[in-house]
Each structure stands twice: as structure tokens, then as C-alpha cells.
Amino acid sequence: MEHPENDDQYKGLKVNKGISDVPTVNPYIKKRVQRKVYTPSEFVDGILKGNITILSQAVTLVESSKHEHQQIAQEIIEKCLPFAGKSVRIGITGVPGAGKSTSIDSFGMHLINQGRKLAVLAIDPSSERSKGSILGDKTRMETLSREKNAFIRPSPSAGSLGGVARKTRETIVLCEAAGFDTVFVETVGVGQSETAVHSMVDFFLLIQLAGTGDELQGIKRGIMEMADGIIINKADGDNIDKANLAAAQFRNALHLFPPSESGWFPKVLTYSGYYNLGIKEIWDMVGEYMEFTKKNGYFNYKRNEQAKYWMYESINDTLRDKFYHNPAVEGMLEQTEKQVLNNEISSFVAAKRMIDLFLDNIAAK
Ligand code: GDP
């Protein structure tokens, strides 16, 4: 008798026989598909053909901090370089809530509808601390993220701002090689990240809001000086008059700044990202700037200056990394720091000792 319940005398429900042996392995499970490992040349071929999956994987290598990934990434970048450089690169900044994602969605759709291919990248200095990116999230740009001609990539999250910015700079190269003719680099208008973005774009857009009457107080002069265009968002409904007033204030303030290196006088426009008003005028302004700076030679000059800047940034980054990861330095750093704190040696002597230690250590290799 299998179950007491199946006894003839038992008054309750009977138990069916059922299946005695359930297979331990789910027979429906599919064999896990191994992700193909591409060679650098296969990566480059895929990127040049505009294959988005391969592009994404290459960007992941660029963002990785693993040495072997970096090696492949550098090879891919080098091979893509001759095919890069042809896009219009636009930096977009604004404080949280200014309407960056709403605006990028409508700016982006305006460009996609004109047959352009758009990559949206981000530099988010907050992501390192919070471990969560507040920028470049696909769900923030709902319409755009459904477009096959749009490539949206959140901010790289690991490392210093300089490191994150360098990775974004390298991702631009890959996107351009993949045929993207417009690149947006988005950042939060709260700190150092603007300088990094400014050093990799052709045109820098600052999104502002009208409202409190003292618009100019909140933003740093440095950010305003970097802007090639200031655009005042949410110029809709009851807010139109306020937006126009803010625009007039910005125009006045800009007149007090020294003339820009490019010879271009920054424009101030009002628009509504949400209601899609004034978007065309913003792109007309960018087009006008491109024409102006290409004619007077500033466009090429700036791109060359940026290339130089990134060369030095890379040198600095690599040296710093090698220094701090050098075993001799790592072994002595804490002790030397203590000596400085105890006033046993000065900061400068300490620094010199550490650097000498580093140089001796690599010379001995
Ligand atoms: P972000 O933090 O800069 O990316 O800003 P969001 O794009 O998320 O926008 C912040 C808020 O402002 C959201 O609630 C949007 O709906 C609203 N918003 C954005 N653009 C406009 C606009 O043009 N007009 C109005 N009235 N609201 C807007």
C-alpha cells in the first residue's frame, strides 16, 4: 500500500499515482548560448558595418578596467580612428530637472526624422558615488530609445571623472566609425564634468530654466562662458513670459563677457522640450555655428586642441595609475603619509622620496 489514504477503509480523498520520478534536469531548458568572442578585426568589421550589438560590446571593453580588455579596446579604437571624426559633437548640460532627457528625446527625434543617426552618451560624475547613473538611462528617453538609428549609452561608472571622460571620448570614436553622424554628450550641470564635456564637443548647449527672477545667480560663470548656446526650457503655457524675461537677462549678461575664442557670439533661445516648440530653431543655430567655425578655421583648430588635450590627459592618467599601483610605492605610501602628518618631513620631501622610489623601482626592472 503506497499511501494510508488509499486504503479501502479510508474515507477521505484518494491520492493519485502521479509521476514518481521528476527529472532532476529541466528538459525544456535550452543550452546556454555562448557569447561569441570576437577578434579585434572582427570587432572593427562589425562596427564599420554599423552592427549595434558589436558596437555595444566594444564599448563595454572600452569601459572595462581589466588590462586585457583595455588592450583589445585600444586596438579597436586605433583601427576605427581613420573612420571617425565626421560627426557633429554636441555637449548638453543642465541641472537635474532642467529637462535634459525630455529635451534630448525631442531634439533627437527631430534629427532622426531628418535621416540622421544619433548617439547619446553621458558623463555622470554622480554615478561613481551613488553606484547608479542619473544620466543616459534608456528609459529616460522613451521615444528615442525605440529608434534603430539612435544609440543610447549610460555613463561609464567606474573610476575618476578623468577616467570616465576618457572612456566617453573613446566611445565617440567607435560611434562615429559605426556611422553615427551626430553625437550628444550629456552631463549634469553641477561641477567639473562640464569642462570634460567641453573638451570633446564642437558645440556646447546649456539648458536653463526661467522662474525665480534671479536665474543668473545659480550658475557658475565658467559654465556660462563655455556655452555656445543657452536654451531656456519649459517656455510653454504660463511660463512663456518668464522664459522670455530670463532670455533677455542672459543676453545682457553675455554682453559683459569677453568675446569668445571662436568669434561666435553665443545665442539665447527659448523652447519647450515637452511640447516640441522651438526645436528647429535650436538646430538651425547649431548649423549656423558649424558653418561659421568651419569657415573661420576655428572648427579644425578646436578639434586639434582637443586631440592634444586628450593626449596629455592620457599621459597623466597612465602615469598616475602606474605610480599608485607600483608595489614599492604602495608599500611606502602610508608610512610616508604618517611622517608628513607627524611633521617629521615636509610634504615636498615626502613627494620627492616617493617619486624617486618609483623611478628607481622601474629603472631596476
Ligand atoms: P532632467 O533631470 O534634466 O533630465 O529633466 P527631465 O527631462 O527629467 O525633466 C524634469 C521635469 O520637467 C519632468 O517632470 C518633465 O516632464 C518636465 N519638463 C521637461 N521639459 C519640459 C517642458 O518643455 N515643459 C514643461 N512644462 N515641463 C517640462
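Before reading further, recall that the structure is shown in the block above.
All figures in this text were calculated on a predicted structure; none of them were measured in a lab.

Caption draft 1: Broad picture of helix H10 (residues 240–255). The end-to-end C-alpha distance of H10, which contains 16 residues, comes to 23 Å, matching closely the 22 Å that a straight helix rising 1.5 Å per residue would cover. For H10, every residue scored as buried is listed here: Ala243, Ala246, Ala247, Phe250, Ala253 and Leu254. Angularly, the buried residues of H10 cover 125 degrees about the axis, an arc narrow enough to put them on a single face. Facing away from the buried side of H10 by more than 90 degrees, the exposed set consists of Asp241, Leu245, Asn252 and His255.

Caption draft 2: Local environment of the site of the ligand. In the neighbourhood of the ligand, 15 residues make up the surrounding shell, with Gly97, Lys100, Thr102, Lys234 and Asp236 lying closest. Tyrosine 274 is positioned such that a nitrogen or oxygen atom in its backbone is 2.9 Å from an oxygen atom of the ligand. Surface burial for the ligand is 69%, taken as the share of its 580 Å² of free accessible area covered by protein chains. Looking at the shell around the ligand, the element that brings in the most residues is helix H4 (residues 100–112), giving three residues. Its residues assigned to classes, the shell around the ligand shows four nonpolar, seven polar and four charged.

Caption draft 3: Representation of unusual backbone geometry in the model. The backbone of lysine 234 sits at a positive phi, close to 65 degrees, despite the residue not being glycine. Judged by relative accessible area, which is 32%, lysine 234 ranks as partly exposed. A positive phi angle is found at asparagine 276, which is not glycine, with a value near 60 degrees. Take asparagine 276: it is sitting in the loop between strand S7 (267–270) and helix H11 (279–295).

Caption draft 4: Summary view of the packing of helix H2 (residues 52–63) against helix H6 (residues 161–177). At their nearest, the axes of H2 and H6 sit 10 Å apart, and the two run at 155 degrees to each other. It follows that H2 is roughly antiparallel to H6 by the angle criterion. Considering the relative orientation of H2 and H6, their crossing is right-handed. Of the residues in H6, those touching H2 at Leu55, Ala58, Val59, Val62 and Glu63 are Lys167, Glu170, Thr171, Leu174 and Cys175.

Thresholds, definitions, all that
- Residues numbered from 1 in each chain as written.
- Predicted model: local features only at pLDDT ≥ 70, side-chain atom pairs only at ≥ 80, totals over all residues.
- Heavy atoms only, no water.
- Helix = DSSP H or I, 4+ residues; strand = E, 2+ residues; numbered from the N terminus.
- Expected span 1.5 Å × (residues − 1).
- Buried < 20%, exposed > 50% of the residue type's maximum accessible area, 1.4 Å probe, protein only.
- Arc of directions from axis to C-beta.
- Near = heavy atom within 4 Å.
- Polar contact = N/O pair within 3.5 Å; in protein donor to acceptor, adjacent residues only side chain to side chain.
- Areas by Shrake-Rupley, 256 points an atom, 1.4 Å probe, with all protein chains shown as cover.
- Nonpolar A, V, L, I, M, F, W, Y, C, P; charged D, E, K, R; others polar.
- Axes fitted to C-alpha atoms, helices over the stretch in contact; angles between N-to-C directions.
- Parallel < 35°, antiparallel > 145°, perpendicular 65-115°, else oblique.
- Left-handed = near helix turned anticlockwise from the far one by under 90°.
- Contact = heavy atoms within 4.5 Å.

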